Amino acid sequence: MTKERILIVDDEEDILNLISYNLEREGYKTKCVTTGEAAITAAREFEPELILLDLMLPGIDGLDVCRILKNDSKTSDIPIIMVTAKGEESDVVIGLELGANDYVCKPFSTKVLAARVKAILRRSHKSEPKEESKLVTIEEISIDIPRHTVFVENDKIDFTATEFEILLLLSKHPGWVFTRSQIINSVKGDDYPVTDRSVDVQILNLRKKLGKAGNYIETVRGIGYRFRETE
């Protein structure tokens, strides 16, 4: 079976070799480049299913690479996992808002990285065919989109329109990290003014109303929120 192609971008050869070795052991086909310019060229020619992109690069940095690729119709749909150093929360936020899908911090576990890669590829393969689904079901939570109703097990939970839209956004993309700005841009609620601060308030309300199921909504400190991925 043909495995997915993964483009790895990092200016440190030892990290490139480490990532490439472990991903190829998982059956993926990899290509390694060390500069932003080479990453842009490789993304267009190698046509990877996923890009692992270090943000600290010589020349064109990772954020600019992400911006260029997401503005190019040929590469805009390729999922990007950013590789960052600790303490670069502001860069992570910018990257996510530019269209990156996830991030990992150095130093990282190769097992964790492989799991992130697998999860992103799985979501990208199945997201389009299921886009028209009228029902989102994750564990004990069932969301009926046309009826704007939510059930936790057999109990119907009442949400405001904005709370419902935030829950739907997060639950349709389990594992994806959304910044507060992304949530604001996706949710156009008339019942409650959506601001950075009100996003936090509404997440708090969602968790309370969902009860124990509210634990599926995770806070990513300094970044935003995500819906915990389940098997």
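Our subject in this report is the structure included herewith. The structure presented is a predicted model; accordingly, all values stated were derived computationally and were not measured.

Thresholds, definitions, all that
- Residues numbered from 1 in each chain as written.
- Predicted model: local features only at pLDDT ≥ 70, side-chain atom pairs only at ≥ 80, totals over all residues.
- Heavy atoms only, no water.
- Helix = DSSP H or I, 4+ residues; strand = E, 2+ residues; numbered from the N terminus.
- Rg over C-alpha atoms; globule rule 2.2 N^0.38 Å.
- Buried < 20%, exposed > 50% of the residue type's maximum accessible area, 1.4 Å probe, protein only.
- Contact = heavy atoms within 4.5 Å.
- Areas by Shrake-Rupley, 256 points an atom, 1.4 Å probe, with all protein chains shown as cover.
- Lys, Arg positive; Asp, Glu negative; His and termini not counted.
- Charge placed at Lys NZ, Arg CZ, Asp CG, Glu CD.
- Pairing = 2+ DSSP bridges.
- Axes fitted to C-alpha atoms, helices over the stretch in contact; angles between N-to-C directions.
- Phe/Tyr/Trp six-rings, centres within 6.5 Å; stacked < 30°, edge-to-face > 60°.
- Lys NZ or Arg CZ within 6 Å of the ring centre and 35° of its normal.

## Section: the overall build of the protein chain
So, point 1. Helix and strand counts for the protein chain come out as 8 helices and 12 strands.
So, point 2. Scaling as 2.2 N^0.38, a compact globule of 231 residues should have a C-alpha radius of gyration of about 17 Å, and the protein chain matches this with 19 Å.
So, point 3. Dimensions of the protein chain, computed from C-alpha atoms along their principal axes, come out at roughly 55 × 40 × 30 Å.
So, point 4. In the protein chain, buried positions account for 46% of the 231 residues.
So, point 5. When contacts within the protein chain are restricted to residue pairs at least 6 apart in sequence, long-range pairs at least 24 apart make up 58% of them.
So, point 6. Surface exposure of the protein chain reaches about 12,200 Å², of which carbon and sulfur atoms provide 48%.
So, point 7. Of the side-chain charges in the protein chain, 32 are positive and 40 negative, and the distance between the mean point of each set is 4 Å.

## Notes on unusual backbone geometry
Glycine aside, a negative phi is what most residues show, and trans is what most peptide bonds show.
So, point 1. Backbone torsion omega between Lys106 and Pro107 reads -5°, so that peptide bond is classified as cis.
So, point 2. In this fold, Pro107 is placed in the loop between strand 5 (102-106) and helix 5 (110-127).
So, point 3. For Glu47, which is not a glycine, the phi torsion comes out positive at approximately 50°.
So, point 4. Examined against the element boundaries, Glu47 turns out to sit in the loop between helix 2 (36-46) and strand 3 (50-54).
So, point 5. Classification of Glu47 by relative accessible area gives partly exposed; the value is 43%.

## As for the sheet that holds strand 8 (residues 149-152)
So, point 1. Strand order across the open sheet formed by 4 strands is 6-7-8-9, with antiparallel pairing between neighbours. Of all the strands in the sheet, the pair left with one neighbour each is strand 6 (135-138) and strand 9 (155-157). Neighbouring strand axes in the sheet, compared pairwise and without regard to direction, differ in orientation by 20° on average.

## Describing the packing of aromatic side chains
So, point 1. Enumeration over the complete set of coordinates arrives at 2 aromatic pairs.
So, point 2. Relative to Phe227, the ring of Tyr216 has its centre 5.7 Å away and its plane inclined at 15°; by these criteria the two rings are stacked. Note that Tyr216 is positioned in the loop between helix 8 (196-210) and strand 11 (217-220) and Phe227 in strand 12 (residues 224-227), a separation of 11 residues in sequence. Considered together, Tyr216 and Phe227 belong to a single accessibility category, that of buried residues.
So, point 3. If you follow Lys3 out to its NZ or CZ, it ends over the ring of Tyr28, 5.1 Å from the centre.

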